[in-house]
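Fold and contact review
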Amino acid sequence: MSKKGKGNSPEKTNAARLLDRAGVAYRLVPYEVDENDLAATHVAESLGEDINKVFKTLVLRGERTGGGDYFVCVVPGNAEVDLKKAAKVAGMKKADLIPMKELLGLTGYIRGGCSPVGMKKPFPTYFHSSALEQDLIYISAGVRGLQFEVAPADLIAYTGAEVADIIRTE
């Protein structure tokens, strides 16, 4: 896997430049965006990849005594964050997804293009443990229509994330 594309490579995002600077190997993989279907399942279908390899980045606000704090959960595309489990690993009493209208101002990213790399501020980040079961995962490169293909251990190390069981199981 190389950091530099040849020929018709997609334009680098800020998140890609950050990974370049850190020496993290990745590949930029474009996909066809459907503005009416921003779900990770659509991304997986567009890439022709297993949904268990396509991860989504979600931002939550936790509540502790005396205030709230933001944190990030990175989970498989077909999974839902278990809010109780997520709150517990983040050391919060409870947690909820942030309202969509707050996403851009808080992270610098829009829905369907939110990456755990290069947010306006670093937030505590938690990857679901299944990421480490994959050789490579796909995750937003910071814009709609572009994914990183990256070794999960490298991305987890770069973001300083913890690995935890943070999804609903039914």
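For every chain, the first residue of the written sequence is number 1, and numbering continues from 1 onward in sequence order. Reporting in this predicted model follows two pLDDT cut-offs: at least 70 for local features of residues, and 80 or more for side-chain atom pairs to be given and counted; totals over whole chains, interfaces and linings ignore these cut-offs and use all residues. Water and hydrogen atoms play no part in the side-chain values, which are based on all heavy atoms of the structure.

A few words on the pattern of salt bridges. Salt bridges are identified by distance alone: a Lys or Arg side-chain nitrogen within 4 Å of an Asp or Glu carboxyl oxygen. Within this structure, the stated rule accounts for six salt bridges. Between R168 and E80 there is a salt bridge, with its nearest N and O atoms 2.7 Å apart. Here the residue R168 occupies a position in the segment after strand 8 (162-164), and E80 occupies one in the loop between strand 3 (67-76) and helix 3 (83-89), the gap between them amounting to 88 residues. Looking at E80, the relative accessible area reads 47%, which means it is partly exposed. Between D165 and K85 there is a salt bridge; the shortest N-O distance is 3.2 Å. Highlighted residues: D165 in the segment after strand 8 and K85 in helix 3, separated in sequence by 80 residues. A helix here means a DSSP run of H or I that spans at least four residues, while a strand means a run of E at least two residues long, and both kinds are numbered starting from the N terminus. Each residue gets one of three labels from its accessible area relative to the maximum for its type: buried under 20%, exposed over 50%, partly exposed in between, using a 1.4 Å probe on protein chains only.

A few words on helix 1 (residues 14-22). Each full turn of the α-helix corresponds to 3.6 residues, which orients residues three or four apart in the same direction. Among all positions in helix 1, only A15, A16, L18, L19 and D20 are buried. Contacts were defined at the residue level, with two residues in contact if any of their heavy atoms lie within 4.5 Å. On its buried face, helix 1 is in contact with strand 1 (26-30), strand 7 (146-150) and helix 5 (152-159).

This brings us to the environment of A95. Inspection of the secondary structure assignment puts A95 in strand 4 (residues 94-97). Residues A95 and K12, 83 residues apart in the sequence, show an inter-C-alpha distance of 33 Å.

All of the buried residues along helix 4 (residues 100-107) are L103, L106 and T107. One face of helix 4 carries all of its buried residues, which in axial projection span an arc of 90 degrees. Exposed side of helix 4, more than 90 degrees from the buried face: K101 and G105 are the residues found there. Positive backbone phi, at 90 degrees, marks G108, one or two positions downstream of helix 4. The arc under discussion is defined with respect to the helix axis, by the directions toward the C-beta atoms.

The next point concerns the sheet that holds strand 7. Reading across from one edge, 1-7-6 is the order of the three strands in this open sheet, with antiparallel pairing throughout. Of all strands in the sheet, those bounded by a partner on one side alone are strand 1 and strand 6 (137-140). This sheet shows a mean twist of 35 degrees between the axes of neighbouring strands, independent of strand direction. In short, DSSP must find at least two bridges between two strands for them to pair. Summarising the sheet, strand 1 and strand 7 pair through five bridges and their orientation is antiparallel. Looking at the pairing, V29 lines up with Q147 of strand 7. Sheet contacts for helix 1: strand 1 and strand 7; angle to strand 1, the most-contacted strand, approximately 165 degrees. Fitted lines through C-alpha atoms give the axes, limited to the stretch in contact for helices. The angle between two N-to-C directions lies from 0 to 180 degrees.

Let us look at the confidence of the model for the protein chain. The predictor rates its confidence in each residue with pLDDT, a number between 0 and 100. For the protein chain, per-residue confidence averages 91 on the pLDDT scale, and 92% of positions sit at 70 or higher. For the protein chain, the element scoring lowest by mean pLDDT is strand 3, at 89; helix 5 scores highest, at 98. For the stretch residues 2-7, pLDDT sits under 50, and the model shows ten contacts to residues farther than four places along the chain or on other chains.

This next bit is on the side chain of T125. Considering the arrangement of structural elements, one finds T125 in strand 5 (residues 125-128). From its side chain, T125 meets the backbone oxygen of F123 in a polar contact 2.9 Å long. Not counting chain neighbours up to four residues away, the residues in contact with T125 comprise V72, V74, A161 and E162. Here a polar contact means two N or O atoms within 3.5 Å. Within protein one must be a hydrogen donor candidate and the other an acceptor candidate, and residues neighboring in sequence count only if both atoms are side-chain atoms.

A word on the state of the cysteines. The disulfide criterion is simple: two cysteine sulfur atoms within 2.5 Å. Tallied over the entire structure, the rule returns zero disulfides. With no disulfide of its own, C73 lies closest to C114 among cysteine sulfurs, the gap being 12 Å. In this structure C73 comes out as buried when scored by relative accessible area, which is 0%. The exposure class of C114 is buried, given its relative accessible area of 7%.

Here the focus is the packing of aromatic side chains. When the centres of two rings from Phe, Tyr and Trp lie within 6.5 Å, Trp using its six-membered ring, the rings pair. Their planes under 30 degrees apart give stacked, over 60 give edge-to-face, and anything left gives tilted. Following the criterion strictly, the structure yields three aromatic pairs and no others. Pairing Y26 with F148 gives two aromatic rings, centres 5.1 Å apart and planes at 75 degrees, and the pair type is edge-to-face. Of this pair, Y26 sits in strand 1 while F148 sits in strand 7; the two residues are 122 residues apart in sequence, bridging distant segments of the chain. Judged by relative accessible area, Y26 falls into the buried class, the value being 1%. By relative accessible area, which is 0% here, F148 ends up buried.

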